[in-house]
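Listed here are the chains, written in short residue letters.
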Amino acid sequence: MNEATDTVHDVVIVGSGVAGLSAAVYAARADLEPIVLEGPEPGGQLTLTTDVENFLGFPEGVGGMELIQRGKEQAESFGAEFVHGTVEEATLEDRPFELGLSNGDTLRTTALIVASGASARWVGAENEDELMGYGVSTCATCDGAFHRGDDVLVIGGGDSAMEEALFLTKFADSVTIVHRRDELRASEVMAQRAHDHEKIEIRWNTELLEIHGSQDDGVTGATLVSHPDGYPTEKLESGHEVDREEVDVGGIFYGVGHVPNTDFLEDTPVELADSGHLETLEGMTTATAVEGVFGAGDVMDPDYRQAITSAGTGSMAALDAEEWLDEQALESDATPAPEIEAND
Ligand code: NAP
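Basis of the calculations
- Residues numbered from 1 in each chain as written.
- Predicted model: local features only at pLDDT ≥ 70, side-chain atom pairs only at ≥ 80, totals over all residues.
- Heavy atoms only, no water.
- Helix = DSSP H or I, 4+ residues; strand = E, 2+ residues; numbered from the N terminus.
- Expected span 1.5 Å × (residues − 1).
- Buried < 20%, exposed > 50% of the residue type's maximum accessible area, 1.4 Å probe, protein only.
- Arc of directions from axis to C-beta.
- Contact = heavy atoms within 4.5 Å.
- Near = heavy atom within 4 Å.
- Polar contact = N/O pair within 3.5 Å; in protein donor to acceptor, adjacent residues only side chain to side chain.
- Areas by Shrake-Rupley, 256 points an atom, 1.4 Å probe, with all protein chains shown as cover.
- Nonpolar A, V, L, I, M, F, W, Y, C, P; charged D, E, K, R; others polar.
- Domains from an automatic or database assignment.
- Pairing = 2+ DSSP bridges.
- Axes fitted to C-alpha atoms, helices over the stretch in contact; angles between N-to-C directions.
- Disulfide = S-S within 2.5 Å.
- Salt bridge = Lys/Arg side-chain N within 4 Å of Asp/Glu carboxyl O.

Enquirer: Please clarify how helix 2 (residues 64-77) should be interpreted in this entry.
Expert: Note: α-helices contain 3.6 residues per turn, so residues at a spacing of three or four share the same orientation. Here helix 2 spans 20 Å end to end across 14 residues, near enough to the 20 Å set by a 1.5 Å rise per residue. Taken together, the buried positions of helix 2 are occupied by G64, L67, I68, G71 and A75. Down the axis, helix 2 shows its buried residues gathered within 95° of arc, on one side only. Turned more than 90 degrees from where helix 2 packs its buried face, R70, E73 and S77 sit exposed. Buried residues belonging to helix 2 abut helix 1 (18-29), strand 3 (51-52), strand 4 (62-63) and strand 5 (81-84). Looking at the residues trailing helix 2, positive phi occurs at G79, about 110°.

Given below as structure tokens:
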């Protein structure tokens, strides 16, 4: 799309994950002709997951990718327009807001829905920058099949780590979950499934310190550290003795949570929490401190982070934006026309 800079859209939605899509369906049905920006991870986190078992209305479960594709189709059928582009700069001091995109275009909009989601967190182990994509991965569903017959590590103790580990059992000979303390964060059902699987072992109070290998050979091994009180890398940094072990593995998968995608909001008047999450106003609203800017999905939700809650806040953001746009229209209709002096 080659955007003429004088076009002012009613609503631009940043993000095409489940929150952005839900906002798009509601905004498009309200005839707001939303533009939906698809960034570097189109479709968001659900495209990287296998079956979603807890989305209402799918008793047999539904594939994450399928849910997203169907949501996009639904939004397009009501008139939402999808545009590829990452927001690099947002100017939100005055309306219309201006969004500078990675492709050089500038979008102008009266209302903005931020549904830019969250991206996989990295651990900070030595060599991870070099080997990410060469045997280190944040997505088992994407890269698991490359590890047929390997012994692999999964880092983390939450639902993502359990899900990754269970998925990897289809390919790997053994899967070792490496968790930094002695209790999982994962839900009971997921923890039990991992615990019961014969190919999965859990290493408690252990962390990944260093990854061995090269871009030519891939991952060949790792250095793990452990301490009976947990958090061994912190202990190591503060001068405590920790146990070290070298292990031979062919792949390492990170399942250590996500960080919100709010870099483009850092120099704007939108308020961000210390965690980087977009702050919405108190109470049941998606409105932010900047009038006309609304937040939806994982970018504003550090707590629930479910597909169904993201869809919920997406629809709320579109309804909040619609109501606010209506108020703006009423206010401008009520503004008296400037008096024109009669010509003699
Ligand atoms: P999470 O719940 O935040 O868990 C992250 C895990 O990684 C925690 O165990 C944490 O350890 C560990 N961790 C964080 N930083 C680390 C580091 N630098 N080094 C080592 N370990 C580190 O994230 P999540 O598992 O991605 O889940 C996010 C949300 O999505 C949750 O609400 C979850 O229920 C949901 N989810 C659901 C499903 C499903 O139901 N199928 C699947 C995936 C996700 P600590 O425990 O010590 O903090």
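Enquirer: For this particular structure, what's the right way to read the site of the ligand?
Expert: Neighbouring the ligand are 21 residues; D159, S160, R180, R181 and R185 lie closest to it. Within the contact set of the ligand, an oxygen atom lies 2.6 Å away from a side-chain nitrogen or oxygen of D159. Coverage of the ligand by the protein chains reaches 81% of its 910 Å² of free accessible surface. It is helix 5 (residues 159-168) that contributes the most residues to the shell around the ligand, three residues altogether. In terms of residue class, the shell around the ligand is built from five nonpolar, nine polar and seven charged. Domain assignment of the residues forming the shell around the ligand places at least three in each of domain 1 (8-120 + 258-334) and domain 2 (128-254).

Enquirer: What am I meant to see in the sheet that holds strand 14 (residues 206-214) here?
Expert: Ordered by their spatial adjacency, three strands build an open sheet running 14-15-16, and the pairing between neighbours is antiparallel. Two strands in the sheet have a free side with no partner beyond their single neighbour: strand 14 and strand 16 (243-248). Taken over all neighbouring pairs, the strand axes of this sheet differ in orientation by 20° on average, direction set aside.

Enquirer: Can you walk me through the state of the cysteines in this structure?
Expert: Two cysteines form a disulfide when their sulfur atoms are joined by a covalent bond. The final tally for this structure, using the stated rule, is one disulfide. The disulfide partner of C139 is C142, and the S-S distance across this bridge is 2.0 Å. Between C139 and C142 the disulfide shows an S-S torsion of about 75°. By sign, it is right-handed. On the basis of relative accessibility, which here comes to 5%, the residue C139 falls in the buried class.

Enquirer: Can you help me understand the pattern of salt bridges in this one?
Expert: The final tally for this structure, using the stated rule, is five salt bridges. Of the charged contacts, one joins E38 and K72 as a salt bridge, the two residues approaching to 3.3 Å between their closest N and O atoms. Taken together, the residues E38 in strand 2 (residues 35-38) and K72 in helix 2 connect sequence positions 34 residues apart. Given a relative accessible area of 7%, E38 falls into the buried group. In this structure, the salt-bridge partner of E66 is R70, at a minimum N-O distance of 3.8 Å. One end of the pair, E66, and the other, R70, are both in helix 2, four residues apart, so they sit about a helical turn from each other. Its relative accessible area of 39% is what places E66 among the partly exposed residues.

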